[in-house]
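# Structural overview for review
The lines below spell out each chain.
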Amino acid sequence: MEDQPKKFLHITVFPWLAFGHIIPSFHLSKLIAQKGHKISFISTPRNIKRLPQLPPTLQPFINFVELPLPHIDQLPENAEATMDIPTHIVPYLKKAFDGLQQPLTEILETSTPDCIIYDFAPYWLPPILSKLGVLSIYFSIFSAFGFSRFLEHLVVQKSSEEDQIISHVHYEQNESGVSDLFRVKETLFGANFIAARSCMEIEGESLKSLQNQSKKKVIPVGLLPPSLEFSEDKEDENWDTILKWLDKQEKQSVVYVAFGSEVILSDEEFTEIAKGLEISSFPFLWILKKQDKHDLLVENDSNKNGLIWNNWAPQLRILAHESIGGFLTHCGWSSVIESLQVGCPLIMLPFHNEQGLVASLMEGKMVGVKVERNDEKFNRDSVAKALRLVMVEEEGKGYRSKAKEMRKIVGDMELHQKYIDDFVDYVELHIPASKH
């Protein structure tokens with residue numbers, strides 16, 4: 001490992017129990033470990049088992065620490081992440097997560113890390129870190145634009161059309177004993193500084209705004225684009241089957257459809273998307289969760305022109321395939337990054353969280369279009385119209401070319417590595433004196 005720093009740090013990483021949080025935290029951990037630092041990655045046993053395998057070169061630097069999740073009656077057995085449960089059960093997952101306070105404290109007391117990277121959930125953690133003299137870093141996995149808008153709302157409590165976008169954050173105490181708003185306030189304002197999954201080239205103004213809103217130093221860590229150098233696993237039947245189907249399709253003719261692990265479509269929404277795909281007549285690859293109740297509908301109704309996939313799918317590999325011409329997405333930040341990393345334009349259908357804000361940001365960048373909604377509802381015609389515009393129409397040429405242009409930033413691995421280097425340098429400079 002070249003350019004190794006003189007002092008090797010011990011950094012603990014403790015993400016919230018959602019894979020939209022765990023995977024970016026894991027990726028950040030690997031990039032820091034590449035520089036020779038030691039990482040203790042803490043999560044529950046099942047979540048750790050679900051992580052991608054570490055490359056041999058990083059295995060000496062990343063130690064997985066398994067903390068069993070305390071039993072909560074309302075949580076199903078083996079439910080250790082938000083993807084395992086319906087949304088209304090998530091407060092109980094937070095309650096179980098809060099039960100990790102004591103075992104985590106004991107680990108921190110004995111392992112004495114230089115710093116800990118965490119996100120919104122462990123509201124009880126900052127006072128413990130302060131007492132132990134451990135540098136605390138809040139890691140925002142969201143876009144700087146979305147997070148700064150949320151903070152503006154949180155601090156000013158203003159009323160605007162963004163209320164609907166931000167309304168998923170619960171202001172009232174829930175079954176976990178505290179509100180989500182309280183968690184964000186305690187973890188964010190209790191941190192020494194903020195690490196943001198962003199870059200100045202795309203979100204310069206938003207990063208400045210986030211710093212002003214939080215009154216904290218904000219360090220961008222880059223977009224953390226995953227590596228395009230795929231390991232060729234010959235036994236990966238999932239990819240083999242998908243690849244054979246994609247190879248039969250014409251160049252840039254296929255719509256890739258995926259809404260992440262946590263968007264739950266209503267019957268009506270599902271039907272309108274399926275019919276919109278049918279009307280548009282593009283071949284499509286639609287990733288459905290195994291437990292999705294709509295399987296039969298799509299299998300029987302819309303399968304003539306597409307491939308329905310119920311297992312895990314390698315999203316970046318799919319997006320990078322030459323037959324993919326557009327991505328019908330919920331606009332999760334990770335999905336948008338992966339799409340633009342390979343220059344694939346977006347057909348945007350946001351549902352909740354910061355997805356609407358990310359869609360607005362990307363619409364402003366001209367790399368995709370939003371599916372039109374009336375009274376918050378979309379229909380098959382609005383889906384088909386957006387698909388046609390982005391995929392083939394002359395009017396959509398600009399979106400296709402802008403997405404390819406954006407690839408130069410999002411896919412620039414050297415640029416994003418520089419952000420990691422600067423972030424680690426900053427951490428090294430701000431380790432408490434007692435730790436040196």
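Because the structure is predicted, anything quoted here is derived from the model rather than measured.

### Regarding the pattern of salt bridges
This structure, assessed with the given rule, holds 15 salt bridges. Here Arg50 makes a salt bridge to Asp84, at a shortest N to O gap of 3.0 Å. With Arg50 in the loop between helix 2 (45–49) and strand 3 (62–66) and Asp84 in the loop between strand 3 and helix 3 (90–98), this pair connects stretches of sequence that are 34 residues apart. Put simply, Lys397 and Glu394 hold a salt bridge, and the shortest N to O gap is 3.5 Å. With relative accessibility at 60%, the residue Glu394 sits in the exposed group.

### Considering the sheet that holds strand 1 (residues 10–14)
Ordered by their spatial adjacency, seven strands build an open sheet running 3-2-1-4-5-6-7, and the pairing between neighbours is parallel. One side of each edge strand has no neighbouring strand; the edge strands of this open sheet are strand 3 and strand 7 (218–220). Here the average twist between neighbouring strands, direction ignored, is 25 degrees. The pairing of strand 4 (residues 115–118) with strand 5 (residues 135–140) spans four bridges and is classified as parallel. Among the inter-strand pairings, Ile116 is bridged to a residue of strand 5, identified as Ser136.

### Observations concerning the pairing of strand 1
With five of its five residues buried, strand 1 lies for the most part within the structure. Burial along strand 1 is two-sided: the residues His10, Thr12 and Phe14 and Ile11 and Val13 are all buried. Here strand 1 runs beside strand 2 (residues 38–43); their pairing, made up of four bridges, is parallel. What sits directly across from Ile11, in strand 2, is Ile39.

### With respect to the packing of helix 14 (residues 333–341) against helix 15 (residues 355–364)
Axes are the key here: two packed helices are described by the angle between their axes and the distance separating the axes. Across the interface, helix 14 lies against helix 15 with an axial gap of 10 Å and an inter-helix angle of 25 degrees. In this view, helix 14 runs roughly parallel relative to helix 15, as classed from their interaxial angle. Residues Trp333, Val336 and Leu340 of helix 14 touch helix 15, and the partners they reach there are Val358, Leu361 and Met362. When the residues that make up the contact of helix 14 with helix 15 are grouped by side-chain class, the tally is six nonpolar, no polar and no charged.

### Considering the nonpolar core
With 45 residues, the main nonpolar core has Phe14, Trp16, Leu75 and Leu125 as its most contacted residues. For this core, the secondary-structure elements that each account for two or more residues are helix 3, helix 4 (101–111), strand 4, helix 5 (125–132), helix 6 (144–156), helix 8 (180–189), strand 6 (193–196) and helix 9 (200–214).

### Re helix 18 (residues 413–429)
With 17 residues, helix 18 ought to run about 24 Å at 1.5 Å a step, and its terminal C-alpha atoms sit 25 Å apart, in line with that. For helix 18, the complete set of buried residues consists of Leu415, His416, Tyr419, Ile420, Phe423, Val424, Tyr426 and Val427. Where helix 18 starts, the residue carrying a side-chain oxygen 3.2 Å from the main-chain nitrogen of Glu414 turns out to be Asp412.

### Things to note about helix 1 (residues 19–33)
Here helix 1 contains 15 residues, and its C-alpha end-to-end distance of 20 Å stays within 8% of the 21 Å for a straight helix at 1.5 Å per residue. Most of helix 1 is tucked away: 13 of the 15 residues are buried.

### Quick notes on the confidence of the model for the protein
Averaged over every residue, the pLDDT of the protein is 90; residues scoring 70 or more account for 89%. For the stretch residues 231–235, pLDDT sits under 50, and the model shows three contacts to residues farther than four places along the chain or on other chains. The low-confidence segment residues 296–302 (pLDDT under 50) makes 16 contacts with residues lying over four places distant or belonging to another chain.

### What about the sheet that holds strand 8 (residues 254–258)?
Here six strands make up an open sheet; going across it, the order is 10-9-8-11-12-13 and the pairing parallel. The sheet is open, and its two borders are formed by strand 10 (306–309) and strand 13 (368–370), each paired with just one other strand. The mean inter-strand angle of the sheet, taken between neighbouring strand axes irrespective of direction, is 15 degrees.

### A closer look at the packing of aromatic side chains
Per the counting criterion, the structure on display carries 20 aromatic pairs. Summarising the aromatic geometry, the rings of Phe14 and Phe97 are spaced 5.1 Å apart at their centres and angled 15 degrees between planes, so their arrangement reads as stacked. Here Phe14 is found in strand 1, whereas its partner Phe97 is found in helix 3, with 83 residues between them in sequence. For the pair Phe14 and Phe97, a shared accessibility class is recorded, and that class is buried. Ring centres of Tyr256 and Phe327 lie 4.9 Å apart, and the angle between their planes is 40 degrees; on these two criteria the pair is classed as tilted. Of this pair, Tyr256 sits in strand 8 while Phe327 is found in strand 11 (residues 324–329), placing the two residues 71 residues apart along the sequence. There is no split in this pair, since Tyr256 and Phe327 are both buried. Taken together, the ring pairs in this structure connect Phe14, Trp16, Phe97, Phe120 and Trp124 into an aromatic cluster.

Basis of the calculations
- Each chain has its residues counted from 1, running along the sequence as written.
- Totals for whole chains, interfaces and linings use every residue, but because this is a predicted model, local features are given only for residues with pLDDT of at least 70 and side-chain atom pairs only at 80 or more, for both listing and counting.
- Computation of side-chain values: all heavy atoms of the structure, hydrogens and water removed.
- Salt-bridge detection follows one rule: a side-chain nitrogen of Lys or Arg within 4 Å of a carboxyl oxygen of Asp or Glu.
- For the purposes of this entry, the term helix denotes a DSSP run of H or I that reaches at least four residues, the term strand denotes a run of E that reaches at least two, and both are numbered from the N terminus.
- Each residue's exposure class comes from its accessible area (1.4 Å probe, protein chains only) as a fraction of the maximum for that residue type: buried when under 20%, exposed when over 50%, partly exposed otherwise.
- We call two strands paired when DSSP finds no fewer than two bridges between them.
- Every angle, taken between N-to-C directions, lies between 0 and 180 degrees, and every axis is a line fitted to C-alpha atoms, over only the stretch in contact when it is a helix.
- We call two directions roughly parallel when the angle between them is under 35 degrees, roughly antiparallel when it is over 145, roughly perpendicular when it lies between 65 and 115, and oblique otherwise.
- Note on definitions: a residue-residue contact is assigned when non-hydrogen atoms from the two residues lie within 4.5 Å.
- Classes in brief: Ala, Val, Leu, Ile, Met, Phe, Trp, Tyr, Cys and Pro nonpolar; Asp, Glu, Lys and Arg charged; the others, Gly included, polar.
- Remark: nonpolar core denotes a set of buried residues (Ala, Val, Leu, Ile, Met, Phe, Trp, Tyr, Cys) joined through side-chain atoms within 4.5 Å.
- Expected helix span is given by 1.5 Å per residue-to-residue step, counting one fewer step than there are residues.
- Think of a polar contact as two N or O atoms within 3.5 Å of one another; within protein, one of them needs to be a possible hydrogen donor and the other a possible acceptor, and neighboring residues in sequence only count if both atoms come from side chains.
- Here pLDDT means the predictor's own confidence in every residue, given as a number from 0 to 100.
- Two aromatic rings from Phe, Tyr or Trp, using only the six-membered ring of Trp, form a pair when their centres are within 6.5 Å; if the ring planes differ by under 30 degrees the pair is stacked, by over 60 it is edge-to-face, and anything between is tilted.

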